[in-house]
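Per-entry structural report
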Amino acid sequence: EVISAKHLVKYYPIKGKGLLHAVDDVSFSIQAGETLGLVGESGCGKSTVGNLLLGLVPVTSGNIYFNGVDLASLTRLQRKEYCDKLQIVFQDPYSSLNPKKTVYQILAEAYHICHYSKGEVKDHIKGISQLTGIEESLWDKYPHELDGGKRQVVGIARALALNPRFIVCDEPVSALDVSIQAKIINLLIDLQKKLDLTYLFISHDLSVVRHISQRVAVMYLGKIVEIAPTDLVFNNPLHPYTTALLSAIMNVDLEEQREHIILEGDVPTPIDPKPGCRFAPRCRLAQECCFEAEPELRELEPEHFVSCLLCENQ
């Protein structure tokens, strides 16, 4: 495995209210060359998980192992040694690229920080441009002069500048037109094969996740409720929340129509959550035990882990 999280926790103190449980005891691992899709509703903690892995926010508790080294235990100075190996592609390329810098300056920034010579910088930018399909005619352009797809390609190229091994793709296509989304996804897949990259692909679009991921983890209110190979999640979802998410996907195959499940009630507050299953207040299958005991993530069939008391008893 390239990277793994063990009992990862991130709480934010809310003055006068308690602790907001953004990420609450999350564990998973990602193998070399693999893409793990992380899905769930907005606010469930997906992006926070990505930020924790990269050290953009400090962990409350837990461990993050990269090639066997616990990054969570390192000081900020010690962690700098690993910055080039872990990178991120942000959701909105317009806001993540410096509007005052040209494409060339944006791509050159990482090399300047690492004290590359002027000639080395140009050679590397030429190589990364060829790899990602950025024409040299775009080097003098500013972000506002590019369309959304080209801007995101620049963001991907910037992430690849220092030859990382692991990349967090945080909703990288959600701000793009559907026609452009396919090109970006295919570019990411192509780059992964060429460079042996490992991805954590964060998205709320299950169709995109199905196309790019080998495994899928489903999050709800700071916890992973199901994790399994992609085909298992889509063809045999076990957790009621996963089933509800999949029922919302538009399907043109009339022979494979799923029952559309509408979740009732409001999402419980993540501030000092009540005991029991986080999904129980909205689950149509919930029983009394679901409100009393918090389920653990258990392997119910080979490689298929689910956090649900009812699933365990089936």
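Our structure's up above, just so we're on the same page.
Since the structure is predicted, the reported quantities are computational estimates derived from the model, not experimental observations. Residue positions are counted from 1 within each chain, in the order its sequence is given. For this predicted model, a pLDDT threshold of at least 70 governs which residues receive local features, and a threshold of 80 or more governs which side-chain atom pairs are given and counted, while totals over whole chains, interfaces and linings are taken from all residues. Side-chain numbers come from the whole structure's heavy atoms, not from hydrogens or water.

What makes two strands pair is DSSP finding at least two bridges between them. A run of H or I in DSSP becomes a helix once it reaches four residues, and a run of E becomes a strand once it reaches two; helices and strands are each numbered from the N terminus. Taken in spatial order, the 4 strands make up an open sheet running E2-E1-E4-E5, and their pairing is antiparallel. The open sheet has two edge strands, strand E2 (18–30) and strand E5 (69–70), and neither has a second partner. Those strands touched by helix H1 (residues 46–54) are strand E1 (3–14), E2 and strand E4 (61–66), and its axis lies near 115° from that of E1. Whether two residues are in contact is decided by their heavy atoms, any of which lying within 4.5 Å being enough. Interaxial angles span 0 to 180 degrees and are taken between N-to-C directions of axes, which are lines fitted to C-alpha atoms, for helices over the stretch in contact.

One can describe the packing of helix H4 (residues 103–113) onto helix H5 (residues 118–132) by two numbers: an axis separation of 10 Å at closest approach and a directional angle of 125°. The orientation of H4 with respect to H5, classified from their angle, is oblique. Relative to H5, H4 is oriented so that their crossing is right-handed. Contacts between H4 and H5 involve Tyr104, Leu107, Ala108, Tyr111 and His112 from the former and Val121, Lys122, His124, Ile125, Ile128 and Ser129 from the latter. Class assignment for the residues of the contact of H4 with H5 results in 7 nonpolar, 3 polar and 1 charged. Note on terminology: angles under 35 degrees are roughly parallel, angles over 145 are roughly antiparallel, angles of 65 to 115 are roughly perpendicular, and the others are oblique. In a left-handed crossing the near helix is turned counterclockwise from the far helix by less than a right angle, and in a right-handed crossing that turn is clockwise. Three classes are used, and their members are as follows: Ala, Val, Leu, Ile, Met, Phe, Trp, Tyr, Cys and Pro are nonpolar, Asp, Glu, Lys and Arg are charged, and the others, Gly among them, are polar.

The topology assignment puts glycine 155 in helix H6 (residues 148–160). Sequence spacing of glycine 155 and serine 96 is 59 residues, and the spatial spacing of their C-alpha atoms is 7.8 Å.

Our next topic: the nonpolar core. Here, nonpolar core refers to any group of buried Ala, Val, Leu, Ile, Met, Phe, Trp, Tyr and Cys residues whose side-chain atoms link them within 4.5 Å. The buried label goes to any residue with under 20% of its type's maximum accessible area, the exposed label to any with over 50%, and the partly exposed label to all in between, with areas taken from a 1.4 Å probe on protein chains only. In this structure, Leu107, Ile134, Val154, Ile156, Leu188 and Phe201 are the most contacted members of the largest nonpolar core, which totals 61 residues. The contact partners of phenylalanine 201, leaving out residues within four places of it in the chain, are Thr35, Leu36, Gly37, Leu38, Cys169, Pro172, Ile185, Leu188, Val208, Val209 and Ile212. One finds Val26, Leu54, Val57 and Ala217 within the second-largest nonpolar core, a separate group that totals 30 residues.

Okay, unusual backbone geometry next. Notably, aspartate 25 is not glycine yet its phi reads approximately 65°, a positive angle. Positive phi, normally seen in glycine, also occurs at asparagine 67, with a value near 50°. Along the chain, the position of asparagine 67 falls in the loop between E4 and E5.

Before going further, it helps to examine the pairing of E1. Two strands pair when backbone bridges link them, and E1 and E4 are joined in this way by 5 bridges, in the antiparallel orientation. Across the sheet, the residue bridging to alanine 5 is isoleucine 64, located in E4. Pairing analysis gives 10 bridges linking E1 to E2, with the strands arranged antiparallel. The residue bridging lysine 10 from the neighbouring strand is valine 23, located in E2. The antiparallel hairpin formed by E1 and E2 contains 3 residues in its connecting segment, where glycine 16 sits at a positive phi of about 80°.

In this section: the packing of H6 against helix H7 (residues 178–195). Following both chains from N to C, one finds H6 and H7 inclined at 20°, their axes separated by 10 Å at the closest point. Relative to H7, the element H6 is oriented roughly parallel. Once H6 is placed against H7, the crossing between them reads as right-handed. Counted together, Gly149, Gln152, Val153, Ile156 and Leu160 of H6 and Ile180, Ile184, Leu187, Leu188, Leu191 and Leu195 of H7 form the full contact between these two elements. Looking at the contact of H6 with H7, its residues break down into 9 nonpolar, 2 polar and no charged.

The next subject is H7. One turn of the α-helix equals 3.6 residues, which is why residues spaced by three or four share an orientation. Each residue after the first adds 1.5 Å to the expected span of a helix. Taking 1.5 Å as the rise per residue, H7 with 18 residues should run 26 Å; its terminal C-alpha atoms sit 26 Å apart, in good agreement. Turning to H7, its buried residues number three or more, namely Gln181, Ile184, Ile185, Leu187, Leu188, Ile189, Leu191 and Gln192. Where the residues of H7 are buried, they touch strand E3 (35–39), H5, H6, strand E7 (166–170), strand E8 (198–202) and helix H8 (206–212). A positive phi of about 55° marks aspartate 196, the residue just after H7.

Only Phe, Tyr and Trp rings are paired, with Trp represented by its six-membered ring, and only when their centres lie within 6.5 Å; those with planes under 30 degrees apart are stacked, over 60 edge-to-face, the remainder tilted. Under the criterion given, the structure shown has 6 aromatic pairs. Arranged with centres 5.2 Å apart and planes meeting at 85°, the rings of tyrosine 220 and phenylalanine 279 form a pair that is edge-to-face. Separated by 59 residues along the polypeptide, tyrosine 220 in strand E9 (residues 215–220) and phenylalanine 279 in the loop between helix H10 (240–247) and strand E11 (298–301) bring together distant segments of the chain. An aromatic cluster is defined as three or more aromatic residues linked by ring pairs; in this entry it consists of Tyr220, Tyr241 and Phe279. In this analysis the charged atom, NZ for Lys or CZ for Arg, is taken to sit over a ring once it is within 6 Å of the ring centre and within 35 degrees of the ring normal. Residue placement shows lysine 10 over the ring face of tyrosine 12; its charged tip is 4.9 Å from the ring centre.

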